[in-house]
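Summary of the model geometry
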Amino acid sequence: MKMKLYTVCMLVLGVCLMGAVFADTEEEDDDVQVEVEDDDVKPEKPKFVPPKIDKSVHFADSFDKKENFKRWTVSQAKKDGAEESISKYDGKWQVEEPKDSAIEGDLGLVMKSKAKHHAVSSNLNKPFKFDGKPLIVQYEVRYQNGIDCGGGYIKLLSDDPLLDLQKFHDKTPYTIMFGPDKCGLDNKLHFIFRHKNPKTGEIEEKHAKKPTASLDSYFNDKKTHLYSLVVNPDNTYEVSVDGTVVNEGSLLEDFSPPVNPPKEIDDPNDKKPADWDEREKIADPDAEKPEDWDENEPEKIVDTEATKPDGWLENENKLVPDPDAEKPKDWDDEMDGEWEAPLIENPLCKDAPGCGKWEQPMIKNPKYKGKWRPPMVDNPNYQGVWKARRIPNPNFFEDLLPYQMNPINALGLELWSMNDEIVFDNFLITDDKVVAERWTEQTFNVKSAAEKASSGGAFGYLSALKGAADDKPWLWAVYVVVLLLPILLISICLCPRSGPIKPETLADAKKTDAVSPDDEQKEDAGSAEEEKAGPGGDNKPSTKKSKSSLETAEDEGEDEVDEDNDTAEEEKGESGSPRRSPRKRKSRKD
């Protein structure tokens, strides 16, 4: 009974844990509910509702109408350094409803071509200047056909009066590059900003450290994902996917190469002295080769004690011409030479220990020592590893506000991909976190909830479990425990154990006068004997039966029971005379 109760408890615990996982993966979707009355009936698609755009934003586009594409400019440029046949930015773009869209009428900017260069861009409503407010950038990406190799990142183009969006290409100056990128097994989430050297005026790209979280599911699940970047005036940044921070840090400390160069560098004119000894160990100059050391002994020698195995076919070749092979009809002896059948393994050698000429095998030479070398000892002249002296860095500068980047005046996508049908949607650039939160509630939260509802059923639940475990790998261990432990406990509960009665059980029966299986059998035998004795018969046979039963229990294991438990209890019968245990009566009789 206890085992069954424990099993039920574990099952309940498993259900609770699974429920907690689902609650965690869907905690952001509480505002959007889709009711399904029948598992066999797909839920009706919600209709697209255009989000309300705050007038203060620097850029916003939800592609609520196909006419929105008029604000975008498709590049007519050519890629520098590429062959003429592939240098054109001739990849196709289109504003359309994605296939299998979870929301009716929800359009997006779709990259339609594969293995082509794509470039499209749009001016901001107003330039973004890094003047004390945070930069907040977010947009959605969905790989409808998955992604093998290609980018999904954006470029925030630098404000420049000479900027021509029709000539937008890979060398067009940008301030920030941000977004996903993949090729093969290398999954990336870029955050790169271009920093201007205040001393030389040179521009250098600074790359953020790699995210610590796993990014695999964002590229593989073919669902919409929200990529967000926040750059704060205090030089901190946050990179989020679907509202979860996957990378954060400081512009001053978490980029490579660092914003500020080192204060000191190695002196390029300092040279290592010719007599500088960096050898920590040297050969012992006093060591001598032992007289009995023979360097001429080979490592392997012939095993002179080996004998040819019985049945060795010395006159048979390992390979023989294939008797079933036929000369090709188009074989020309003059052009191709004399035809010979291909060789196959000799069938006679399959059951034999070997074929061909037999030779004694080679074995290790016990006298082999190899070339003698003196042992290594500490070098008395060791001076350590030489290092150049340090001097002040002539190019040193200290920029304490790398947040103050070049102003941004356009957003562009300059991409190459081996996969087509990549959807981009709901672009937003603002300096107000509240505006960004409202935008997310009206766009991504609604779309994400609808996608999860449309993929309901067992497959949807499994996808949710897998997605949760990809973000939190420790959940795999929970799944294993939840699934396997109840099965194990149920198996134990449903498979009763068989075997002899434990001594402890018999001891308890004796102490409580409970009836054991042996007692029942012998009581039946005792009753038969009493019937033979008649009404006035002696009761000794019954006493003898009881004594014999308990002595049998003692033989099966009562030696392990404490002596105090065997003799301590004395019970009084109906006549008031004390009843002593059989062992005690036996000892008194003896």
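The structure this text deals with has already been given above.
Below is a summary of the structure that appears in this document. Given the structure is predicted, the values throughout are model-derived calculations rather than measurements.

1. A few points about unusual backbone geometry
Across the junction of Ser256 and Pro257, the peptide omega takes the value -10 degrees, indicating a cis bond. Relative to the helices and strands, Pro257 resides in the loop between β15 (255-256) and β16 (264-266). Notably, Asp242 is not glycine yet its phi reads approximately 55 degrees, a positive angle. On the accessibility criterion, Asp242 (16% relative accessible area) is buried. A positive phi angle, near 55 degrees, is found at Asn426, a position not held by glycine. For Asn426, the location among the structural elements is in strand β25 (residues 422-430). Accessibility expressed as a relative area gives 4% for Asn426, which makes it buried.

2. Some thoughts on helix α5 (residues 444-454)
Listing the buried residues of α5 in full gives Phe444, Asn445, Lys447, Ser448, Ala449, Ala450 and Glu451. Taken together, the buried residues of α5 touch β6 (135-143), β12 (225-231), β25 and α4 (433-442).

3. Considerations on the environment of Glu414
With respect to the helices, strands and loops of the structure, Glu414 is situated in strand β24 (residues 408-417). Taking C-alpha positions, Glu414 is 8.7 Å from Gly151, a pair spaced 263 residues apart along the chain. Excluding residues that lie within four positions of it along the chain, Glu414 makes contacts with Lys79, Tyr89, His118, Ala119, Tyr153, Lys155, Phe168, His169 and Asp170. In terms of polar contacts, Glu414 uses its side chain to reach the side chain of Tyr89, at 3.1 Å. A distance of 3.1 Å separates polar atoms of two side chains, one belonging to Glu414 and the other to Lys155.

4. Focus: α4
Every buried residue of α4 is listed here: Val435, Ala436, Trp439 and Thr440. For α4, the arc enclosing every buried residue in end-on projection is 135 degrees, short of the 170-degree limit, so these residues lie on one face. Among the structural elements, β1 (59-61), β6, β12, β25 and α5 are those in contact with the buried residues of α4. Backbone nitrogen of Val434 and a side-chain oxygen of the N-cap are separated by 2.9 Å at the start of α4; the cap is Asp432.

5. Comments concerning the pairing of strand β11 (residues 203-208)
Sheet topology note: the strand β10 (residues 186-196)/β11 ladder contains five bridges and is antiparallel. Of the residues in β11, the one forming a bridge with His195 is Glu204. Linking two consecutive strands that pair antiparallel, namely β10 and β11, is a turn of six residues; a positive phi of about 80 degrees is found at Gly201 within it. Sheet topology note: the β11/β15 ladder contains two bridges and is antiparallel. Across the sheet, residue His207 finds its bridge partner in β15, namely Ser256.

6. Focus: a negative patch on the surface
A cluster of acidic residues, Asp54, Asp432, Glu437 and Glu441, forms a negative patch at the surface. Mapping Asp54 onto the fold places it in the loop between α1 (2-25) and β1.

7. Some details on the environment of Val302
Tracing the backbone through its elements, the reader meets Val302 in strand β18 (residues 300-302). Taking the relative accessible area as the measure of exposure, Val302 reaches 38% and is therefore partly exposed. Separated by 58 residues in the primary sequence, Val302 and Gln360 have C-alpha atoms spaced 6.3 Å apart. Apart from residues no more than four positions distant in its own chain, Val302 is found in contact with Gln360, Pro361 and Met362.

8. Focus on the nonpolar core
Formed by 60 residues in total, the largest nonpolar core has its most connected members in Leu135, Ile176, Phe191, Leu411, Leu413, Phe424 and Phe427. If we skip the residues at most four places from it in the chain, Phe424 touches Phe63, Trp93, Gly108, Leu109, Tyr139, Glu140, Val141, Gly152, Leu413 and Leu415.

9. Regarding the packing of aromatic side chains
Here the structure, examined in full by the defined rule, presents 16 aromatic pairs. Ring geometry for Phe63 against Trp72: centres 6.0 Å apart, planes inclined by 25 degrees, an arrangement best described as stacked. Side by side, Phe63 and Trp72 carry an identical accessibility label, which is buried. Here the aromatic rings of Phe191 and Phe255 are separated by 5.3 Å at their centres, their planes lie at 85 degrees, and the arrangement is edge-to-face. Taken together, the positions of Phe191 in strand β10 and Phe255 in strand β15 put the pair 64 residues apart, joining distant regions of the chain. A relative accessible area of 2% means that Phe191 is categorised as buried. Of the residues examined, Phe255 reaches a relative accessible area of 6% and is grouped as buried. An aromatic cluster is defined as three or more aromatic residues linked by ring pairs; in this entry it consists of Phe59, Phe63, Trp72, Tyr139, Phe178, Tyr227 and Phe427. Its guanidinium or amino end placed over the ring of Tyr174, Arg194 lies 5.3 Å from that ring's centre, counting from NZ or CZ.

10. Here's the deal with the pattern of salt bridges
With the rule as written, the count across this model stands at 24 salt bridges. Between Lys206 and Glu204 there is a salt bridge, with its nearest N and O atoms 2.6 Å apart. Among the salt bridges present, the one from Asp266 reaches Arg390, with a minimum N-O distance of 3.0 Å. Residue Asp266 is found in strand β16, and its partner Arg390 is found in strand β23 (residues 390-392); the two are separated by 124 residues along the sequence. Several salt bridges converge on common partners, so that one network encompasses Lys79, Lys155, Asp170, Lys171 and Glu414.

11. Overview of the pairing of strand β4 (residues 108-111)
Along β4, one buried face is formed by Gly108 and Val110 and the opposite face, lined by Leu109 and Met111, is buried too. Judged from the four bridges that link them, strand β3 (residues 93-96) and β4 form a sheet pairing that is antiparallel. Paired with Gln94 across the strands is Val110, a residue of β4. As paired strands, β4 and β25 are joined by three bridges and run antiparallel to one another.

Parameters and conventions
Residues numbered from 1 in each chain as written. Predicted model: local features only at pLDDT ≥ 70, side-chain atom pairs only at ≥ 80, totals over all residues. Heavy atoms only, no water. Helix = DSSP H or I, 4+ residues; strand = E, 2+ residues; numbered from the N terminus. Buried < 20%, exposed > 50% of the residue type's maximum accessible area, 1.4 Å probe, protein only. Contact = heavy atoms within 4.5 Å. Polar contact = N/O pair within 3.5 Å; in protein donor to acceptor, adjacent residues only side chain to side chain. Arc of directions from axis to C-beta. Pairing = 2+ DSSP bridges. Patch = residues over 30% accessible without salt bridge, like charges linked within 9 Å, V, L, I, M, F, W, Y side chains within 5 Å. Areas by Shrake-Rupley, 256 points an atom, 1.4 Å probe, with all protein chains shown as cover. Salt bridge = Lys/Arg side-chain N within 4 Å of Asp/Glu carboxyl O. Lys, Arg positive; Asp, Glu negative; His and termini not counted. Charge placed at Lys NZ, Arg CZ, Asp CG, Glu CD. Core = buried A, V, L, I, M, F, W, Y, C linked by side-chain atoms within 4.5 Å. Phe/Tyr/Trp six-rings, centres within 6.5 Å; stacked < 30°, edge-to-face > 60°. Lys NZ or Arg CZ within 6 Å of the ring centre and 35° of its normal.

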